[in-house]
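# Structural features, examined
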There are 2 protein chains.
Amino acid sequence: MSNKTTRDEIIEAADDLFYRQGYEHTSFADIADVVKISRGNFYHHFKSKDVILDAVINKRLADRKAMLERWEIEGETPEDRIRSFIDILIVNGAKIKRYGCPIGTLTSELAKLNHAARGDANRLLMLFRTWLRRQFEALGRQADADLLAMHLLARSQGVATLSNAFQDEEFLRQEVEQMYGWLRLYAAGAAPE
Amino acid sequence: MSNKTTRDEIIEAADDLFYRQGYEHTSFADIADVVKISRGNFYHHFKSKDVILDAVINKRLADRKAMLERWEIEGETPEDRIRSFIDILIVNGAKIKRYGCPIGTLTSELAKLNHAARGDANRLLMLFRTWLRRQFEALGRQADADLLAMHLLARSQGVATLSNAFQDEEFLRQEVEQMYGWLRLYAAGAAPE
DNA sequence: GTCTATACGCGGATAGAC
DNA sequence: GTCTATCCGCGTATAGAC
């Protein structure tokens, strides 16, 4: 279709820089360098830095929604689909090792800044939480589907944090194997409670 | 003994503010307000903000070392001691819900900033990793003690991250119960591998 | 040791020409 | 829609008096 608009290029560059450097630590100058526009031109597209953050969060939401819908179609069973979720740790292993989880680190940063967009960023986590909950429900775990979703989310976050801190992609792989094993128990109906 | 020196007061205030607001987001003015000194006076005690960060990290290291030694003395069995570790999630539950884990969030922030003190902050995580590893060794898990230590560390980190994001202390309690159960398997020698 | 005054650069934001 | 020029406040840091 049409070429990317300048606006889209700004959002893309900001998305990447916010991930790699953090939101607060990324300046307009940083973004302008990547997009190759002047700093003044910025304000034609966004009236403040906060508005760029909003756009980045919305882009991430749209990206992740599309990804989850793909998994929904491609996965034949709920177990397959939940495995797709666990797999991102492997697929994005190198980046997670360097920069952590894009969703978890943004959430944590905005929480610490007590930023107005905090709640919006949490919708990203909530998106996965809800999607995972539905998968566990489909596995017949109506009673504790949300708890299981939270449990898996928490383990992913923890693994990402430590993999990043210790620069250890191998540890991440081992934990992923354990999560597969854990999931199999539930898929086989062999899990307790 | 003697009164706290101004230097100590600065470190204490910085420790608290770095935790609640993040390192980068905390200015000298913020610290000066708490300690009630002028900004200029700062540089008599520390020649730059980075040096304050070093001092804060060293204070946290000393504090945690003392805590681990206490657990070592008070806990009668390795299981007791590991339970003490899990318990901090409960003891500090309210603060974790508001600000996350003091160690994990600092580590993540410095990683994102690619800050020179990154490695120093990681020593905090490593302190717990090594201590936990020794406890699992004492439980007879020589072969995988470090993996188990990392696993427990990761789970704590993940639980802290989600409890903070969703402002949910109840979830944290439930996960702690699960960790107790998980630990019991190893203490009873009933765990696999 | 603590203060006031001040330098200096950076980051976000605005005005207005082209 | 993009640019240059510029403003302004904040944050780190320094100088030097008391």
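An unreviewed UniProt entry lists chain A under the name Transcriptional regulator, from Rhizobium altiplani.

Looking now at helix α10 (residues 169-187) of chain A. Taking 1.5 Å per residue as the helical rise, α10 of chain A with its 19 residues ought to reach 27 Å, and the 27 Å between its terminal C-alpha atoms agrees with that figure. Of all the positions in α10 of chain A, only F171, L172, E175, V176, M179, Y180, W182, L183 and Y186 of chain A are classed as buried. On its buried side, α10 of chain A packs onto α5 (78-91), α6 (93-99), α8 (118-138) and α9 (145-166) of chain A together with α9 (145-166) of chain B. Residue D168 of chain A occupies the N-cap position of α10 of chain A, its side-chain oxygen lying 2.9 Å from the main-chain nitrogen of E170 of chain A. G189 of chain A sits one or two residues past α10 of chain A and shows a positive phi near 70 degrees.

Moving on, we come to the relation of the copies chain A and chain B. At an RMSD of 0.0 Å, chain A and chain B line up after a rotation of 180 degrees and a shift of 0.0 Å along the axis. In symmetry terms, the pair is related by a two-fold rotation axis. Within chain A, G158 of chain A has its C-alpha nearest the rotation axis, a separation of 1.9 Å. Take the interface residues of chain A: 100% of them recur as interface residues in chain B, which is what a same-surface contact looks like.

The immediate surroundings of DNA strand D are formed by 15 residues, with S38 and H45 of chain A together with F28, R39 and Y43 of chain B found nearest. Take the atoms of DNA strand D that sit within 4 Å of the protein: sugar and phosphate atoms are 59% of them. Here T6 of chain A contributes a side-chain N or O atom positioned 3.1 Å from a phosphate oxygen of DNA strand D. Between a phosphate oxygen of DNA strand D and a side-chain N or O atom of K49 of chain B, the distance comes to 3.1 Å. Its residues assigned to classes, the surface near DNA strand D shows 3 nonpolar, 10 polar and 2 charged.

This paragraph deals with unusual backbone geometry. Unusually for a residue other than glycine, K36 of chain A sits at a positive phi of about 65 degrees. Its place among the elements puts K36 of chain A in the loop between α2 (28-35) and α3 (42-45). At N114 of chain B, a residue that is not glycine, the phi angle is positive and equals roughly 55 degrees. With respect to the helices, strands and loops of the structure, N114 of chain B is situated in the loop between α7 (102-113) and α8 (118-138). Taking relative accessible area as the criterion, N114 of chain B reaches 61% and is therefore assigned exposed.

Here we take up the packing of α5 of chain A against α9 of chain A. Residue and element names in this part refer to chain A. Direction vectors running N to C along α5 and α9 enclose 15 degrees, while the axes themselves pass 10 Å from each other. Between α5 and α9, the angle falls in the class roughly parallel. In this structure, α5 crosses over α9, and the sense of that crossing is right-handed. Contacts between α5 and α9 involve I82, F85, I86 and L89 on the former and, on the latter, L152, L153 and S156. Taken together, the residues that form the contact of α5 with α9 break down as 6 nonpolar, 1 polar and no charged.

Time to look at the packing of aromatic side chains. All names here are of chain A. This structure, assessed with the given rule, holds 18 aromatic pairs over all chains. An aromatic cluster is present here, built from F28, F42 and Y43 joined pairwise through their rings. The ring centre of Y180 lies 4.1 Å from the NZ or CZ of R83, which sits over that ring.

Before going further, it helps to examine the protein's contact with DNA strand C. By nearness alone, 14 residues border DNA strand C, and F28, Y43 and K49 of chain A together with S38 and H45 of chain B come closest of all. In the interface set of DNA strand C, defined as its atoms within 4 Å of the protein, sugar plus phosphate atoms amount to 61%. Taking Y43 of chain A, its side chain carries an N or O atom lying 3.2 Å from a base nitrogen of DNA strand C. Between a phosphate oxygen of DNA strand C and a side-chain N or O atom of K49 of chain A, the distance comes to 3.0 Å.

Evaluated as defined, the whole model comprises 3 cavities of 30 Å³ or more. There is about 260 Å³ of room inside the largest cavity. Around the largest cavity, the lining comprises 18 residues; the ones closest to its centre are T105 and E109 of chain A together with T105, S108 and E109 of chain B. Breaking the lining of the largest cavity down by element, the ones donating at least two residues are α7 (102-113) of chain A together with α7 of chain B. When grouped by side-chain class, the residues that make up the lining of the largest cavity number 2 nonpolar, 10 polar and 6 charged. Empty space within the second largest cavity amounts to approximately 190 Å³. Contributing to the lining of the second largest cavity are 18 residues, with S108 and T161 of chain A together with G104, S108 and T161 of chain B lying nearest its centre. Of the residues that constitute the lining of the second largest cavity, the class distribution is 4 nonpolar, 14 polar and no charged.

Contact residues are listed per partner, giving 38 residues for chain A and 38 residues for chain B. Considering only the surface of chain A that becomes buried against chain B, K112, M150 and F166 of chain A emerge as the three largest contributors, covering 21% of it. The interface formed by chain A and chain B contains 16 residue pairs in polar contact (both at pLDDT 80 or more). Secondary structure elements with two or more residues in the side of chain A that touches chain B: α1 (6-21), α7, α8, α9 and α10 of chain A. No other element matches the 14 residues that α9 of chain A contributes to the side of chain A that touches chain B. Class assignment of the residues belonging to the side of chain A that touches chain B gives a composition of 16 nonpolar, 15 polar and 7 charged.

Cut-off values and rules
- Throughout, residues of each chain are indexed from 1 in the direction in which the sequence is written.
- All chains are assigned letters beginning with A, and all ligands numbers beginning with 1, in the order in which they are written.
- Local features in a predicted model are, by the rule used here, given only for residues with pLDDT of at least 70; side-chain atom pairs are given and counted only at 80 or more, and totals for whole chains, interfaces and linings are based on all residues.
- Excluding hydrogens and water, the side-chain values take into account all heavy atoms of the structure.
- Comment: elements are numbered from the N terminus, with helices defined as DSSP H or I runs of at least four residues and strands as E runs of at least two.
- To estimate the expected span of a helix, subtract one from its residue number and multiply by 1.5 Å.
- Each residue gets one of three labels from its accessible area relative to the maximum for its type: buried under 20%, exposed over 50%, partly exposed in between, using a 1.4 Å probe on protein chains only.
- Pairs of residues are marked as contacts when any of their non-hydrogen atoms sit within 4.5 Å.
- Distance and chemistry together define a polar contact, namely a pair of N or O atoms within 3.5 Å, with one atom able to donate a hydrogen and the other to accept it when in protein, and with adjacent residues in sequence counting only for side-chain atoms on both sides.
- When the copies are superposed, the least-squares fit draws on C-alpha atoms of residues that have pLDDT of at least 70 in both.
- Put simply, a residue is near a molecule or strand once any heavy atom of it comes within 4 Å of that molecule or strand.
- Side-chain classes follow a simple rule in which Ala, Val, Leu, Ile, Met, Phe, Trp, Tyr, Cys and Pro form the nonpolar group, Asp, Glu, Lys and Arg form the charged group, and the remainder, Gly included, forms the polar group.
- Helix axes are fitted only over the stretch in contact, all axes being lines through C-alpha atoms; the angle between N-to-C directions runs from 0 to 180 degrees.
- By the definition adopted for this analysis, an angle is roughly parallel if under 35 degrees, roughly antiparallel if over 145, roughly perpendicular if from 65 to 115, and oblique otherwise.
- With the far helix as reference, a near helix turned anticlockwise by less than a right angle produces a left-handed crossing, and one turned clockwise produces a right-handed crossing.
- Ring pairs shown here join Phe, Tyr and Trp side chains whose ring centres sit within 6.5 Å, with only the six-membered ring taken for Trp; geometry is labelled stacked below 30 degrees between planes, edge-to-face above 60, and tilted in between.
- Remark: a charge is flagged as sitting over a ring if the NZ atom of Lys or the CZ atom of Arg is within 6 Å of the ring centre and within 35 degrees of the ring normal.
- Cavities and pockets are found on a 1 Å grid laid over the protein atoms alone: a cavity is a set of points where a 1.4 Å probe fits but cannot escape, a pocket is an open set with protein on both sides within 12 Å along at least five of seven lines, and a lining residue has an atom within 4 Å of such a point.
- Grid points are joined across faces, edges and corners, and a volume is the space filled by probe spheres set on the points.
- For any pair of parts, buried area is found by adding up, for both, the accessible area (1.4 Å probe) each one loses once the two are put together.

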